[in-house]
Amino acid sequence: SNSMGQGETLDLYAWDGASWAFVPSRRNGDRLVAMMGAWPKAIAVFQTAATVQVTSATLDIGQTLADSGSALNIVAVSGPVLQADGSLLGGLAGGVSTDQGYAVMPLARTPDDGGAALNAMLADSSARLLQIGGLVDLAGSGDYKGIVIDYRGLDPARAAAFNQFVSDVAGALRQKGKTLTVIVPTPVLDNGQYTLAGYDLRTLGAAADVIQIPLGD
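Calculation notes
- Residues numbered from 1 in each chain as written.
- Predicted model: local features only at pLDDT ≥ 70, side-chain atom pairs only at ≥ 80, totals over all residues.
- Heavy atoms only, no water.
- Helix = DSSP H or I, 4+ residues; strand = E, 2+ residues; numbered from the N terminus.
- Contact = heavy atoms within 4.5 Å.
- Buried < 20%, exposed > 50% of the residue type's maximum accessible area, 1.4 Å probe, protein only.
- Pairing = 2+ DSSP bridges.
- Core = buried A, V, L, I, M, F, W, Y, C linked by side-chain atoms within 4.5 Å.
- Axes fitted to C-alpha atoms, helices over the stretch in contact; angles between N-to-C directions.
- Left-handed = near helix turned anticlockwise from the far one by under 90°.
- Nonpolar A, V, L, I, M, F, W, Y, C, P; charged D, E, K, R; others polar.

How should the environment of Met 36 be read in this particular structure?
Counting through the fold element by element, Met 36 comes out in the loop between β4 (31-33) and β5 (42-47). Remark: the alpha-carbon pair of Met 36 and Pro 24, spanning 12 residues in sequence, is separated by 9.2 Å. Sequence-distant contacts of Met 36, defined by excluding residues within four places in its chain, comprise Ala 14, Val 23 and Ile 43.

Structure, rendered in structure tokens:
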């Protein structure tokens, strides 16, 4: 029952014996209604608490931090570009310091190749291992909070491989005390429904520390 009028801050979570997982639901009067394929070991209602507002900016090569605004919590510093063999090409943009009160995180991107480098890397186990190691090394190359990846052009047929890749990167980074943020494409409207073309938000969100969805490309 939502007698306190706080329904918008309530969510359902299911327990599978090992962890809690978010269950999509909708409000129907004073109830939360969900469709589930199987009954979990337990289900509970959680209420969100107030969170600290996070303001981030991306610093591209040739920019200065002044161009990106002030009062930031996180600065993503771009430069490295994924290659098909799993390596990273290019250095980080300059003009940012790690001792100014905001978290600094290197940002790795895919080239403008329609996803060719990303999907080639995902198809090659050696390239995946090289890429994971490269991201961990990049995170450890300075006083960085973690890594941001913005890998576009995923072939939906490679969705499972991308999910596993993100899980492996996140696990390797956590062993070093670092975080992983994954930027996914802006959802597009297709036949009345929004789609992310292979990017599985639920699975990626469970693996990464942060999922970032741009308001528009």
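Can you help me understand the pairing of strand β9 (residues 103-109) in this one?
Residues in a regular strand project their side chains so that they alternate between the two faces of the sheet. Counting buried positions along β9 gives 6 out of 7 residues, so the element sits mostly inside the fold. In terms of strand pairing, strand β7 (residues 74-82) meets β9 through 6 bridges, oriented parallel. Note on β9: the bridge partner recorded for Ile 74 is Ala 103. Relative to strand β10 (residues 146-150), β9 runs parallel, the two sharing 3 bridges. Each bridged residue has a counterpart across the sheet, and for Leu 107 the counterpart in β10 is Val 148.

Hey, could you run me through the nonpolar core in this one?
In a soluble, globular protein the nonpolar side chains are often hidden away together inside. Among the nonpolar cores identified, the biggest contains 30 residues, and Leu 118, Ile 149, Tyr 151, Phe 162, Phe 165, Val 166 and Leu 180 are the most heavily contacted of them. Every element with two or more residues in this core is listed here: α2 (116-122), α3 (125-139), β10, α4 (159-174), β11 (179-183) and α5 (201-207). Here this core takes 7 residues from α4, the largest share from any one element. Filtering out sequence-adjacent residues up to four positions away, Tyr 151 remains in contact with Leu 82, Leu 88, Ala 108, Arg 109, Thr 110, Leu 118, Gln 131, Leu 135, Phe 162, Phe 165, Ile 183 and Tyr 199. With 6 residues, the next largest nonpolar core counts Val 77, Ala 93, Val 104 and Tyr 144 among its residues.

Honestly, the sheet that holds strand β2 (residues 20-23) in this entry has me stumped. Any pointers?
Adjacent strands of a sheet pair through backbone hydrogen bonds, lying either parallel or antiparallel. In spatial order, the strands read β2-β1-β5; together these 3 strands make up an open sheet with antiparallel pairing. The sheet terminates laterally at β2 and β5, the two strands that pair on one side only. Sheet twist, expressed as the mean angle between neighbouring strand axes with direction ignored, is 40°. Judged from the 4 bridges that link them, strand β1 (residues 10-15) and β2 form a sheet pairing that is antiparallel. Looking at the pairing, Ala 14 lines up with Ala 21 of β2.

Hey, could you run me through the packing of α3 against α4 in this one?
In a pair of packed helices, the angle between the axes and the distance between the axes together describe the arrangement. Put simply, α3 and α4 touch, their axes get as near as 10 Å, and they point 35° apart. In terms of crossing hand, the pair formed by α3 and α4 is right-handed. Touching Arg 128, Gln 131, Ile 132, Leu 135, Val 136 and Ala 139 of α3 are Phe 165, Asp 168, Val 169, Ala 172 and Leu 173, all from α4. Across the contact of α3 with α4, the residue classes break down as 8 nonpolar, 1 polar and 2 charged.

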